[in-house]
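Structural features, examined
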Amino acid sequence: MEAFSEKEEENGAMISNNNDWVEPEELKQEILNKYPPKVARKKARQIVVNKKNKDNIVPEIQANVRTVPGIISQRGCCYAGCKGVVMGPTRDIINLTHGPIGCGFYSWLTRRNQTDASTTPDGHNFMPYCFSTDMEEKEIIFGGEKKLKAAIQEAYDIFKPKMISIFATCPVGLIGDDIHSVAREMEEKLGITIFGFSCEGYKGVSQSAGHHVANNGLFLNVIGKDDTIKEGEYKINLLGEYNIGGDAFEIDRVLKKCGITTISTFSGNSSVDFFANSHTADLNVIMCHRSINYVAEMMEKKYGIPWIKINFLSAGGMSRSLRKIAQYYADQKLIDRVEEVIAEEMPAVKKAQEEVMPRLEGKIAMLFVGGSRAHHYQELFKEMGMISLCAGYEFAHRDDYEGRHVLPHLKVDADSRNIEELKVKKDPEKYKLRIKEKELEAQEKNKVKLRDYDGMIPDMEDGTIIIDDISQYETERLIEAYHPALFCAGIKEKYIIQKHGIPMKQLHSYDTGGPYAGYKGAINFYFEIDRMINSKVWDHIQAPWEKCPELVAKYAFE
Amino acid sequence: MLLKHTSKKIADRRFLTVNPAKTCQPIGAMYASLGIHGCLPHSHGSQGCYAYHRSTLTRHYKEPVMAATSSFTEGASVFGGQANLLQAITNIFTIYDPDIIAVHTTCLSETIGDDIPQIIGKAKADGIIPKGKFIIHASTPSYVGTHVTGFANMTRAMVDYFAKPNVHKKNQINIIPGWVEPADMNEIKRIARELEINTILFPDTENVLNCPQTGKFEMYPKGGVTIDELMQTGESMGSIALGRLSSAPAAMLLDTKCKVPCAILDLPIGIKATDRFVDTLRKMAGVNVPDIITFERGQLLDIVTDMQAYFYHKKVALVGDPDHLIALTEFLVSIDMLPVHIITGTKDKNFEKRIKVITEKVPHKVNVKSGGDMLLFHQWVKNEPVDLLMGNTYVKYIARDEDIPFVRYGFPILDRIGHSYFPTVGYRGAMRLLERILDALMDRQDRDSSEIEFELVM
């Protein structure tokens, strides 16, 4: 374990004291040995032990490929990525699921996206509702378009929404219902925006395909429809932030304090009105690169809005990201204001760090979640002195692991090819360079890297283990080998991990608590992890009679 | 207001479902499969299905919910899922080593027409099912029936695959508990034990979905009906099916396949349904009811006697699954409460008839609908307000908007614990249920009474 030798000396990490240390490469081999040959060949390329070369180029990992049937994976489907993740948090659109009842039911209110409907004049909020065509056998046999049309009519008559979107589920694609022509027909009839997402669950290999489908739908049907110029000196869109547990509220608080105006968040606490107006911003900042980079790229091509990757999770990440935004604007007033805000916010953060550090330093965390959170949260753990020993994504692509420099080398396989790549051109009227090309060049020299993301692996130490689309079996083996103090994954994994006597923080929707973004969020997170790892419950697991089962003496009076 | 778009006016609505009071078949099949010891449920569909079902069951039970999937992609959806299922079977037995795989289908695999028995046959022929291991299946298209149907179909599949006819009947009774909580299954077994009757209860999720914290994860927990027991169900002297929708198909198949006579009863929720359950058990097994059961019944009646002032003629609105609602409604009527709105999302032609019979003498207009949704339920409540709401967690939005006391009952309960540990069936279960109803009503009285009327002793 050379990677940690320095750290070990520094903080006396538990790793150094562990004589049974399992070498990552050996563990990888053991895992592969368990698998049938076909599975092993595939998994061999999805399990990587980190080793960076001198240019900080990391090993190649295979990602965004099919999960082998029968492997218990964390992944969900295209519909979940489209309806659940990207479109779910928008309050004033009727999201109508076209399919049997299940899909709509399971994605109803289960993601903890907070929203504040008081900030849009009409106050519409359909998020507590679930709308479905509830397809039955006769529609599967004879087609469901008629029912879909009638359901849209009823939704319009009863709820008077300003926008309706339709989500296709698996059987809809198979029986050939044309949701897009139904949408066009009903849009014409009712005079409101209606459009469909072809997000059948079998498309792609994970939720990721659904993100792409959702991005396309938003870009084609909503973004750029309202040219009103809103007030604000520094206008940005926040992309890939879903306001789980109020994250977007905390980010907004800090941005406002800095004098930065958010035109639209995609899609936490969002309104379709904000989306429609989002092309008037000067800059797109991206949190979750995986789920939303498509919109950012298309907006740059069509409207000329540059994008930067930021990370508002962790205090350090928040400060660095604010500075990056300020450098983009290259405006001394903003640069100074950002420094003032950081100076105001940091004392409370430092105080919290100092409090939890002695109880958490050197402990091991594992993060297997999402398409960016497994990266972003590592910085929070670092701020507590914890070590992110193993990490991986559920549905990310190679660029999220290794950085966008791999993009030209990515092969488009059959599963990705069935997700449409929109051909986007400059908008003759609405395209404008937000920043002069010369200034831009100067800035790039100034290290504001536009449209760049370095990925997760370069930020991880040598010797750490990275697994894409981790399986239940691999999870078990990692726990057995390294006994982490904390595991981060999703709800399906939560109680499996906790039965091992190891706390599990759910990092999709947090289960409880939040916000964890921004400065106040970082403080919340430190104390949350402190609570979980240092809870008294872990002391009680063994009953006294289990600790010492053999009776050493008998009562004398028998 | 959380449900601010819900108006009092009830518009004609025939094609759009809003806030469903049901979900799809496969999740019920998955829940039933977990009640077999050493079983890994398998979803033959795309990953989203099993991910959603596992997530929902996990949130409800706060326990590991293990299952696998055929991970359909677009290719499989075009060419059929045989290759996926065969590969899944190989991988599951090699890596996860269950005793049995219980395959259920989805709308996807049903629409493309995958023939599961044929695929299982091929798996057998190819020798990829290890010796002594089993695969069973149930057809559970999401566009037919609801989660309750899926539970019934998988339970029936257990009989279909395992029950062996035998003319020599054993001194044992099959009990099919219906879609109830693990704690309920345990309580049903306890009641039978008190009567000194040997039973085979299936499916049985006790000690599968309410496991202890031991610091050790068991992929296949100790609980669950064993395959050996399932094989013996054909030798039992009788079967008792609790809950007509979820349990009758399995019991009826045992009758036709193995000549095991069956009694189809309501879920033993409340006084009268538990009376019928205990009485049927007694008669079928030819035993006497021990004092302890009569004692528990007496305790329940004692609470009803003592606390009547607080629940007498209180109006209740209920939403949930037919088997639960029939027994619950009867219980409420039997203690002089007034169930006035009753909705299930499951379409069942007998449901409305049955509720009408149960509520015939209720001195109030009763609204009942099978195949309804929670939007209609909420609108009924707006039009005719009630004193108490009962239903799954989604009802809490209505409870908050309308400021009405709420007792969680049914599936799913995503925001409270207790339901998997403490039963609501049997006399003891009814005591707990009544305690929770009283807590809700009396907390409200405490909250709303004026300072002058506020009371210490209630």
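Source: prediction; values computed, not measured. (Residues numbered from 1 in each chain as written. Chains lettered and ligands numbered in written order. Predicted model: local features only at pLDDT ≥ 70, side-chain atom pairs only at ≥ 80, totals over all residues.)

Scanning chain B for helices and strands turns up 17 helices and 14 strands. Over its C-alpha trace chain B gives a radius of gyration of 23 Å, about what one expects of a compact globule, namely 23 Å for 458 residues. Scored against the burial criterion, the 458 residues of chain B give a buried share of 59%. Sequence-distant contacts, at least 24 apart, represent 74% of the contacts inside chain B between residues at least 6 apart. (Helix = DSSP H or I, 4+ residues; strand = E, 2+ residues; numbered from the N terminus. Rg over C-alpha atoms; globule rule 2.2 N^0.38 Å. Buried ≥ 20, exposed ≤ 12 C-beta atoms within 10 Å, placed from the backbone. Contact = placed C-beta atoms within 7 Å.)

This next bit is on the domain arrangement of chain B. All names here are of chain B. Assigned domains within chain B: domain 1 (25–151), domain 2 (170–291) and domain 3 (293–448). Here domain 1 and domain 3 have C-alpha centroids that lie 35 Å from each other. Counting residues at the interface gives seven residues for domain 1 and 10 residues for domain 3. Per-element accounting of the side of domain 1 that touches domain 3 gives the leading share, four residues, to helix 2 (residues 47–61). (Domains from an automatic or database assignment.)

All names here are of chain B. The omega torsion across Phe 202 and Pro 203 is -10°, close enough to zero to call that bond cis. Here Pro 203 shows up in the loop between strand 7 (199–201) and helix 9 (227–232). With omega at -5°, the peptide bond leading from Phe 411 into Pro 412 counts as cis. Of note, the phi angle at Asp 336 is positive, near 70°, even though the residue is not glycine.

On to the domain arrangement of chain A, then. All names here are of chain A. In terms of domains, chain A is made up of domain 1 (1–64 + 361–402 + 455–512), domain 2 (78–221) and domain 3 (234–357 + 404–445). Relative to domain 3, the C-alpha centre of domain 2 lies at a distance of 27 Å. Contacts between the two partners involve 29 residues from domain 2, matched on the other side by 26 residues from domain 3. Among the secondary structure elements, those contributing two or more residues to the side of domain 2 that touches domain 3 are helix 5 (78–87) and helix 11 (207–221). When residues in the side of domain 2 that touches domain 3 are grouped by element, the largest group, nine residues, is from helix 11. Within the side of domain 2 that touches domain 3, the residues separate by chemical class into 11 nonpolar, 11 polar and seven charged. (Nonpolar A, V, L, I, M, F, W, Y, C, P; charged D, E, K, R; others polar.)

All names here are of chain A. You can see Gly 518 is positioned in helix 23 (residues 518–534). Given 28 C-beta atoms within 10 Å, Gly 518 falls into the buried group. Considering only alpha carbons, one finds Gly 518 and Val 424, 94 residues apart in sequence, at a separation of 34 Å. Setting aside chain neighbours within four positions, we find Gly 518 in contact with Glu 250, Ile 251, Arg 253, Val 254, Phe 312 and Met 318.

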